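Chain by chain, the residues run as shown.
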Amino acid sequence: MMRAMPAPSLNAPPGGFVGPIKRSITIAGHQTSISLEPLFWALLEQCALDRALPLSALVAEIDALRIMAEEPPNLASALRSWLLSERLQIDENGSQLR
């Protein structure tokens with residue numbers, strides 16, 4: 001006899017699970033393509049608005065931080081990490097501020 005699986009207690013993200021979308025951005029005078037999921041693009045755009053910056057300027061600032069790392073990750077990974085840290089307000093020690 002097969003048992004029915006209980007209904008999941010989690011919800012899919014708004015709009016469902018969607019793969020990365022590639023966009024081109026100019027950083028320091030050079031075009032680069034970045035692939036991020038729509039939720040990350042929306043959050044990145046909101047962070048740029050909150051700072052009164054063009055999206056490309058915010059990405060350039062995050063990229064400048066990224067390349068100073070001992071082992072820099074790819075840009076998409078750096079953007080996702082920065083966005084999650086920003087959203088959760090994580091300090092440099094990894095502790096949540098709120």
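Computed from a predicted model, the values in this text were never measured in an experiment. (Residues numbered from 1 in each chain as written. Predicted model: local features only at pLDDT ≥ 70, side-chain atom pairs only at ≥ 80, totals over all residues. Heavy atoms only, no water.)

Undergrad: Would you explain the pattern of salt bridges in this entry?
TA: Note that side chains of opposite charge can pair when their charged atoms are close. Under the criterion given, the structure shown has four salt bridges. Notably, a salt bridge pairs R80 with E37, separated by 3.1 Å at the nearest N-O pair. Of this pair, R80 sits in helix α3 (residues 75-88) while E37 is found in the loop between β2 (30-36) and α1 (38-50), placing the two residues 43 residues apart along the sequence. Ionic pairing is found between R51 and E86, a salt bridge with its closest N-O pair at 2.4 Å. Placement of R51 in the loop between α1 and α2 (55-67) and of E86 in helix α3 is noted, with a sequence separation of 35 residues between them. A relative accessible area of 33% places R51 in the partly exposed class. Given a relative accessible area of 32%, E86 falls into the partly exposed group. (Salt bridge = Lys/Arg side-chain N within 4 Å of Asp/Glu carboxyl O. Helix = DSSP H or I, 4+ residues; strand = E, 2+ residues; numbered from the N terminus. Buried < 20%, exposed > 50% of the residue type's maximum accessible area, 1.4 Å probe, protein only.)

Undergrad: Where do I start with the packing of aromatic side chains in this structure?
TA: The description of two aromatic rings rests on the distance between their centres and on the angle between their planes. Per the counting criterion, the structure on display carries zero aromatic pairs. Over the ring of W41 we find R23, and its NZ or CZ is 4.3 Å from the ring centre. (Phe/Tyr/Trp six-rings, centres within 6.5 Å; stacked < 30°, edge-to-face > 60°. Lys NZ or Arg CZ within 6 Å of the ring centre and 35° of its normal.)

Undergrad: Would you take a moment to explain the nonpolar core for this structure?
TA: Most often, soluble globular proteins have nonpolar side chains that are buried together. Grouped together as the largest cluster of nonpolar side chains are 17 residues, with contacts concentrated most on I34, L44, V59 and L79. Of all the secondary-structure elements, those providing two or more residues to this core are β1 (21-27), β2, α1, α2 and α3. The dominant element in this core, judged by the number of residues it contributes, is α3, at five residues. (Core = buried A, V, L, I, M, F, W, Y, C linked by side-chain atoms within 4.5 Å.)

Undergrad: Would you mind showing me how to read the packing of α2 against α3 here?
TA: When two helices pack together, their arrangement is given by the angle between the helix axes and by the axis-to-axis distance. At a closest axis distance of 10 Å, the pairing of α2 and α3 adopts a crossing angle of 105 degrees. One finds that α2 runs roughly perpendicular with respect to α3. Between α2 and α3, the residues in contact are L58, V59, I62, D63 and R66 and L75, A78, L79 and W82, respectively. (Axes fitted to C-alpha atoms, helices over the stretch in contact; angles between N-to-C directions. Parallel < 35°, antiparallel > 145°, perpendicular 65-115°, else oblique. Contact = heavy atoms within 4.5 Å.)

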